[in-house]
Amino acid sequence: MYYYLKNLTPSQQIGALFVLVFGLLLLASVVAFLYSVRDHGDSPEAQAQRKELRRMDAILRTSWLMVLVFWVGWVAGDWVALTLFGFVSFFSLREFLTLSPTRLGDHRSLVLAFFVVLPLQYLLVGGGYFDLFTVLIPVYVFLALPLASALANDPVRFLERSAKLQWGIMVCIYGMSHVPALLMLKFPGYEGRNAFLVFFLVLVVQVCMVTQHFAARRMKKAPVAPAISQSFSWDSWGLGVLAGSLLGALLAGITPWVPGVAFSAAFVACMAGSLGHFVMKALKRDRGIPSWGTQGQSVTGASGLLDRVDALCFAAPVFFHSVRWYFGA
């Protein structure tokens, strides 16, 4: 597969990937729909099957969303993709903070986060100021926003409130902004093809998460941390990371790498994404919620968007900086 993809032109590569990915997603969606219309009855087993179908439907909708984002980025250009990811960050952060109550003293910081930090971060990405965009939030914003809250003269649970806001900004803005940043990197001999790196990252992480999910359901291993996740075990996690990494090696033809390097890049992304997803589960348990959306409908109107992109928010920075380190960019 590596040599087949490597010998195709970019237009042929996008056509081949379109047929492969959209075909598989369409087939999976049709099978899921046909299974959902069957009458499963009212037994406990039937209720468990319905619950599993809802999980499958969420996974499929996530996959469609990620592929659509890649397609928009390829067809519409870098700045349109940058804007799209900016809106994803906005609604993800809104979802996170809606389920993490704040006080009146935090309103200044919230305004700064949504209307100053978020657009500034994406403008730095669009301008290619990578050194500044990678330190803006973890260095400067981490001092500025708690200061804004402190100046509001409200010390009640100040540490907890500051941590919530900083966590939300790190995951939803900092992490997500690294995905379109891949489009702005410049490599010798790879000009105009950076959207394939976004596709590569999204697909390997998504395959890792899907494989881990189904492996956990079939293997029935004891969970590592049952109070946080009943489905996370080292065996299912290892299978998920391995599946994503092997897919990365197969897709090396659309990247600037040979299969061995592509395997390593996918391995790093899958590790970060899957473990980050586990961390986000711990945050949800702390908030006392099963998902960032309620019964599939988010309280923010974004339909549980953060549930769909949390793994990508953790995988993207690790993948981006690994790519920059490899090419010395």
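The preceding data block contains the structure.
Presented here is an overview of the structure given in this document. (Residues numbered from 1 in each chain as written. Predicted model: local features only at pLDDT ≥ 70, side-chain atom pairs only at ≥ 80, totals over all residues. Heavy atoms only, no water.)

## Considering the overall build of the protein
Stated formally: For the purposes of this entry, the term helix denotes a DSSP run of H or I that reaches at least four residues, the term strand denotes a run of E that reaches at least two, and both are numbered from the N terminus. Only protein chains enter the accessibility calculation, which uses a 1.4 Å probe. A residue is then buried if its area is under 20% of the maximum for its type, exposed if over 50%, and partly exposed in between. In this description, contact between two residues means that some pair of their heavy atoms is separated by no more than 4.5 Å. Each accessible area is a Shrake-Rupley result for a 1.4 Å probe, and residues are judged covered by the shown protein chains and nothing else.
Helix and strand counts for the protein come out as 11 helices and zero strands. Looking at the protein residue by residue over its 329 residues, the buried ones come to 48%. Partitioning the contacts of the protein with sequence separation of at least 6, the portion at a separation of at least 24 is 75%. By element, 67% of the accessible surface of the protein is carried by carbon and sulfur atoms, the whole surface being about 15700 Å².

## Re the nonpolar core
As a reminder of what qualifies: We call a set of buried residues a nonpolar core when its members are Ala, Val, Leu, Ile, Met, Phe, Trp, Tyr or Cys and they connect through side-chain atoms within 4.5 Å of each other.
Counting 82 residues, the largest nonpolar core has Ile169, Met176, Phe200, Leu201, Val205, Trp257 and Phe319 as the members making the most contacts within it. Here this core gets 13 residues from one element, more than from any other, and that element is helix α8 (residues 195–219). Not counting chain neighbours up to four residues away, the residues in contact with Val205 comprise Ala269, Cys270, Ala311 and Ala315.

## With respect to the pattern of salt bridges
Put simply, the test is: Counted as salt bridges are all cases of a side-chain nitrogen of Lys or Arg within 4 Å of a carboxyl oxygen of Asp or Glu.
Taken as a whole and judged by the stated rule, the model has eight salt bridges. Across the pair Arg161 and Asp154 runs a salt bridge whose closest N-O atoms are separated by 3.9 Å. On the basis of relative accessibility, which here comes to 4%, the residue Arg161 falls in the buried class. The structure contains a network of salt bridges with shared partners spanning Asp106, Asp154 and Arg161.

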